[in-house]
Amino acid sequence: MELDSKSPAGPIETRWERQRFNLKLVNPANKRKYTIIVVGTGLAGGSAAASLGELGYNVNCFCFQDSPRRAHSIAAQGGINAAKNYHNDGDSVYRLFYDTVKGGDFRARESNVYRLAEISLNIIDQCVAQGVPFAREYSGYLDNRSFGGAQVSRTFYARGQTGQQLLLGAYQALERQIGAGQVTMFPRTEMLDLIVVEGRARGIVTRNLLTGAIESHIADAVVLATGGYANVYYLSTNAQGCNATAIWRAYKRGALFANPCFTQIHPTCIPVSGEYQSKLTLMSESLRNDGRVWVPLKKGDKRLAAQIPENERDYFLERKYPSFGNLVPRDVASRNAKQVCDEGRGVGESGLAVYLDFRDAIARLGKNVIKERYGNLFDMYERITGEDPYQTPMRIFPASHYTMGGLWVDYNLMSTIPGMYVIGEANFSDHGANRLGASALMQGLGDGYFVLPNTIGDYLASTKFEKVDTGHAAVREAEAQVAAITARLLGAKGTRSVDACYRELGKVMWEYCGMARNAAGLKQALAKIPELRERFWRDVKVLGSGEELNQALERAGRAADFFELAELMCLDALNRNESCGGHFREEYQTPEGEAARDDEHYSYAAAWEFRGAGNAPVVHKEPLTFEYVHPSQRSYK
């Protein structure tokens with residue numbers, strides 16, 4: 001299979017403009033003849049469904065939550081990037097492009113990244129027009145703050161709830177289209193398979209989560225906006241419902257899965273407190289603007305933070321990275337936090353935490369300023385831990401957060417299955433091996449509001465569609481596949497809960513394919529995961545039936561897919577003999593302990609093809625070329 005990215009040539013500054021001009025158009029009268037399915041209602045899916053409805057397409061939109069506004073995008077905290085240069089501190093579209101390519105450790109497609117930086121300007125204008133209440137300066141201008149991986153202030157924010165406010169803006173636009181009859185909403189409905197007819201995506205098979213009914217929906221194109229797969233680690237900052245089922249079932253229908261091992265560990269999360277936990281809580285990266293990260297100089301120092309004098313503290317990020325300090329990118333901050341804890345200098349009872357201290361910021365700015373900037377985050381921390389961060393430093397530790405890997409897409413955001421588009425975190429396209437903070441919201445809204453509405457018309461205008469209904473053989477076959485998986489899960493005669501099995505997988509993934517990986521550990525994981533998967537199917541017990549609301553069945557199906565995806569992640573990590581971004585192979589690092597890339601052999605996107613159950617997947621390579629930001633040793637010192 002030959003991968004054609006369809007990236008336009010010529011000056012990068014005009015590529016998107018020229019691409020849009022060359023795309024075929026669907027005239028307004030003809031748009032109403034087409035039906036498009038959008039799966040997911042987060043920032044990517046919600047904005048896409050609203051925009052496509054506004055254009056005049058008939059849109060069927062699906063989410064497994066009871067309302068589109070419950071999508072996990074609502075949990076994003078710190079901000080959204082845009083190269084407005086409001087602070088007049090040297091920012092530009094080109095600098096945002098440069099920072100994003102460098103931050104991704106030179107493993108992203110330049111054309112996509114430049115387009116993202118370019119349309120970031122429009123995203124902010126769109127959201128302001130929708131009434132999103134971004135923070136403002138005294139003058140009335142929109143405020144900005146800095147974020148990891150950048151030396152300029154380009155992050156727009158709404159206290160610590162930026163994702164919530166942006167999602168409400170997209171949700172209102174979506175509801176307008178629902179009211180106008182252009183979008184039909186299917187809440188509490190989960191996609192369980194993709195319908196492919198004559199090599200083209202023509203619909204999806206779903207389960208009604210209230211009644212258990214298996215239903216098929218036919219369309220002319222399918223858009224997946226279903227988020228990432230960080231819950232493969234069991235414990236992550238993602239909501240429990242976040243899963244990989246939609247993209248995994250599409251992968252098994254022929255869509256290539258790119259860079260599955262590129263996962264991001266977020267450095268500022270509330271540490272694990274016990275086996276009873278089902279998820280972890282994120283503390284926004286924005287806190288590193290004013291909070292200082294430190295540990296005791298001495299190993300095993302268990303004194304309270306207030307009892308440790310200044311000369312016995314190690315502000316290790318400021319010491320090692322004087323240019324960026326506490327605002328180094330997430331992968332760098334996470335690895336360094338792990339390193340000092342491995343040295344025995346971690347804090348708290350477990351020793352698996354570092355301090356994030358606001359003492360100096362409060363003394364410099366006053367408590368009221370800190371409260372205005374981060375008050376809701378401080379309140380959340382105190383409710384969870386019982387500690388007041390105004391009085392004592394927060395304790396934080398890295399945790400699984402975001403996934404840069406996803407289904408492979410070309411420049412137009414179409415997967416290797418014609419007619420199936422993948423947007424937002426569900427695709428692999430814009431972040432390389434490491435996502436800079438505040439860029440997820442930027443990509444989701446950029447894809448949904450500005451890229452997909454332009455590119456999907458080219459496919460529709462270029463394709464002659466045969467008539468397909470729910471009686472088609474391909475539809476029946478997909479429904480039979482879904483029914484078989486459901487029957488197998490309900491028919492298992494084991495005695496263990498889904499979570500008992502799933503937690504074991506998460507521990508293996510965190511141990512061997514988490515913050516640090518090595519060949520020996522990955523081989524161990526590849527030996528253990530098939531055993532765990534076999535044990536899952538043999539020992540799991542799913543109560544209830546398929547003809548009712550059954551959350552145990554929902555969770556079992558999602559866990560079953562994670563057991564398969566985990567193996568592909570480890571295989572991809574073992575295949576990539578280098579360190580880059582969030583993929584840190586211990587065998588490949590510089591003398592200073594930084595990631596050591598191998599551009600000669602691994603400057604490509606690894607896109608994996610499913611070859612059937614029991615057969616090894618095959619990797620296809622999309623070479624990455626860098627005309628504008630030439631690969632160099634990534635340094636934040």
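These numbers come from a predicted model, not from an experiment.

Counting residues in each nonpolar core, the largest one holds 145 residues, and the members touching the most others are Ile80, Leu224, Leu407, Met420 and Phe536. Looking at this core element by element, the count peaks at 12 residues for helix α16 (residues 551-575). The contacts of Ile80, once residues within four sequence positions are left out, are Ile123, Ile124, Phe134, Arg154, Thr155, Phe156, Thr162, Leu166, Ala438, Leu441, Met442 and Leu445. Leu287, Ala333, Leu377 and Met394 belong to the second-largest nonpolar core, a separate cluster that totals 32 residues.

The next point concerns the pairing of strand β2 (residues 58-62). The element β2 is largely enclosed, with a buried count of 4 among its 5 residues. For β2 and strand β6 (residues 183-186), the ladder comprises 4 bridges, and the chain directions are parallel. Paired with Phe62 across the bridge in β6 is Phe186.

So, on to the pairing of strand β8 (residues 200-208). If a strand is regular, its side chains alternate between the two faces of the sheet. Counting buried positions along β8 gives 8 out of 9 residues, so the element sits mostly inside the fold. As defined by bridge partners, strand β7 (residues 189-197) adjoins β8 across 8 bridges and the pair is classed as antiparallel. Counterpart to Val196 in the pairing with β8 is Ala201. For β8 and strand β9 (residues 214-218), the ladder comprises 5 bridges, and the chain directions are antiparallel.

With that out of the way, let us pick up the side chain of Arg154. Note that Arg154 resides in strand β5 (residues 153-156). Since its relative accessible area comes to 3%, Arg154 is described here as buried. Here the side chain of Arg154 touches Asp99 through a polar contact of 3.0 Å, side chain to side chain. With near-sequence residues (within four places) excluded, Arg154 lies in contact with Ile80, Asn81, Ala82, Asp91, Arg95, Leu96, Asp99, Asn144 and Arg145.

This next bit is on the sheet that holds β6. Taken in spatial order, the 5 strands make up an open sheet running β6-β2-β1-β10-β18, and their pairing is parallel. Edge positions in the open sheet fall to β6 and β18 (420-422), since each of these has one partner strand only. With direction set aside, neighbouring strand axes in the sheet form an average angle of 20°. Sheet analysis places strand β10 (residues 221-224) next to β18, joined by 3 bridges and oriented parallel. The residue bridging Val223 from the neighbouring strand is Tyr421, located in β18.

With that settled, the discussion passes to the pattern of salt bridges. One pass over the structure, following the stated rule, counts 52 salt bridges. The residue Asp105 makes a salt bridge to Arg597 at a minimum N-O spacing of 2.9 Å. Of this pair, Asp105 sits in the loop between α4 (93-103) and α5 (110-129) while Arg597 sits in the loop between α16 and α17 (599-602), and the two are 492 residues apart along the sequence. Here the two residues Asp105 and Arg597 agree in accessibility, since each one is buried. Here Lys507 makes a salt bridge to Glu275, at a shortest N to O gap of 3.2 Å. A residue pair is termed long-range when its members are at least 10 positions apart, and Lys507 in helix α14 (residues 498-513) and Glu275 in the loop between β12 (263-269) and β13 (292-296) qualify at 232 residues. Here the salt bridges share partners, and the residues they tie into one network are Asp105, Arg107, Asp331, Arg335, Arg576, Glu578, Arg597, Asp599 and Arg634.

A separate point is the packing of aromatic side chains. Enumeration over the complete set of coordinates arrives at 30 aromatic pairs. Site record: aromatic cluster; members linked through ring pairs are Tyr229, Trp248, Tyr251, Phe257 and Phe610. Across from the ring centre of Trp16, 4.8 Å away, lies the NZ or CZ of Arg115, which sits over that ring. Directly above the ring of Tyr411 sits Arg115, whose terminal nitrogen or CZ lies 4.1 Å from the centroid.

As for its position among the elements, Ser153 is in strand β5. A sequence separation of 64 residues divides Ser153 from Asp89, and the C-alpha atoms of the two residues are 7.4 Å apart. Filtering out sequence-adjacent residues up to four positions away, Ser153 remains in contact with His87, Asp89, Asn144, Arg145 and Ser146.

What counts as what
- Residues numbered from 1 in each chain as written.
- Predicted model: local features only at pLDDT ≥ 70, side-chain atom pairs only at ≥ 80, totals over all residues.
- Heavy atoms only, no water.
- Core = buried A, V, L, I, M, F, W, Y, C linked by side-chain atoms within 4.5 Å.
- Buried < 20%, exposed > 50% of the residue type's maximum accessible area, 1.4 Å probe, protein only.
- Helix = DSSP H or I, 4+ residues; strand = E, 2+ residues; numbered from the N terminus.
- Contact = heavy atoms within 4.5 Å.
- Pairing = 2+ DSSP bridges.
- Polar contact = N/O pair within 3.5 Å; in protein donor to acceptor, adjacent residues only side chain to side chain.
- Axes fitted to C-alpha atoms, helices over the stretch in contact; angles between N-to-C directions.
- Salt bridge = Lys/Arg side-chain N within 4 Å of Asp/Glu carboxyl O.
- Phe/Tyr/Trp six-rings, centres within 6.5 Å; stacked < 30°, edge-to-face > 60°.
- Lys NZ or Arg CZ within 6 Å of the ring centre and 35° of its normal.

Note that all results are geometric; they support no functional claim without further evidence.
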